[in-house]
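Structure at a glance
Below, each chain spelled out in residue letters.
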Amino acid sequence: MKNCFQKIERNNCTLYIHKDFRNAALEDALLTGKKTLLERYRTIVVPSSAFACVYKFAVNFNGIEKKVYVKEHLDRSILDVVKHLVHASRARRAWKAAMMLAENGFQTPAVIAMGEEKSGLFNVRNFLVTLEVENAPDIFQLICDRQKNLSVKLK
């Protein structure tokens, strides 16, 4: 599955993009940085942890508009900075985990890109881009439905 990705390098940034989701404008924005991404696309900020920035927006792939999510991993502490000297970035680990799960039959959001930007030895930016899961049930509704079913069975 990893061979489905093409590697693009520009300046200090490396982008692995799925060959079925090539889009020059998106690739340029991802390689250039958050500022270009926010200027070029109508992004919606998605609530996330304090250690990530998540954006949702639409991208045209071969005439079909798809919703995508970009999750930029932020350093949680100085330990993360040091850890990236010897371990893969959080985005790279998430990318590998998503591929492993998909190869073993688990449903995961399709990863269309993974990027890392370095300054010297240090990872200054790392992010994962996924497609929106279409027709997914709302998790809160599922929980409420399960809770109702459980309370009916207990009566």
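Check the entry above for the structure.
Residues numbered from 1 in each chain as written. Predicted model: local features only at pLDDT ≥ 70, side-chain atom pairs only at ≥ 80, totals over all residues. Heavy atoms only, no water.

What follows deals with a nonpolar patch on the surface. Taken together, the side chains of Ile-139, Phe-140, Leu-142 and Ile-143 present a nonpolar region at the surface, about 420 Å² in accessible area. Its place among the elements puts Leu-142 in helix α5 (residues 139–154). (Patch = residues over 30% accessible without salt bridge, like charges linked within 9 Å, V, L, I, M, F, W, Y side chains within 5 Å. Areas by Shrake-Rupley, 256 points an atom, 1.4 Å probe, with all protein chains shown as cover. Salt bridge = Lys/Arg side-chain N within 4 Å of Asp/Glu carboxyl O. Helix = DSSP H or I, 4+ residues; strand = E, 2+ residues; numbered from the N terminus.)

Quick look at the side chain of Arg-90 now. Residue position: Arg-90 is located in helix α4 (residues 90–103). Taking relative accessible area as the criterion, Arg-90 reaches 13% and is therefore assigned buried. A polar atom in the side chain of Arg-90 sits 3.5 Å from the side chain of His-73. Within the structure, Arg-90 has its side chain in polar contact with the backbone oxygen of Leu-74 (distance 2.6 Å). (Buried < 20%, exposed > 50% of the residue type's maximum accessible area, 1.4 Å probe, protein only. Polar contact = N/O pair within 3.5 Å; in protein donor to acceptor, adjacent residues only side chain to side chain.)

Within strand β4 (residues 52–61), eight of the 10 residues are buried, leaving the element largely enclosed by the surrounding structure. In this structure, strand β3 (residues 44–46) lies alongside β4, joined through three bridges in antiparallel fashion. Across the sheet, the residue bridging to Ile-44 is Lys-56, located in β4. In this antiparallel pair of consecutive strands, β3 and β4, the connection spans five residues. (Pairing = 2+ DSSP bridges.)

Further remarks concern the environment of Leu-128. Following the sequence through the fold, Leu-128 ends up in strand β7 (residues 122–131). When neighbours within four sequence positions are excluded, Leu-128 is seen to be in contact with Tyr-69, Val-70, Lys-71, Ala-91, Ala-94, Trp-95, Val-111, Ala-113 and Met-114. (Contact = heavy atoms within 4.5 Å.)

So, on to the side chain of Thr-130. Structurally, Thr-130 can be placed in strand β7. Those residues in contact with Thr-130, other than ones at most four positions away along the chain, are Lys-67, Val-68, Tyr-69, Pro-109, Ala-110, Val-111 and Ile-112.

Here the phi dihedral of Asn-11 falls at roughly 55 degrees; this positive angle occurs in a residue that is not glycine. Within the secondary structure, Asn-11 is located in the loop between β1 (5–10) and β2 (13–18). With relative accessibility at 78%, the residue Asn-11 sits in the exposed group. Phi at Asn-62 is positive, roughly 50 degrees, even though this residue is not glycine. On the secondary structure map, Asn-62 appears in the loop between β4 and β5 (64–73). Using a relative accessible area of 71% as the deciding quantity, one classes Asn-62 as exposed.

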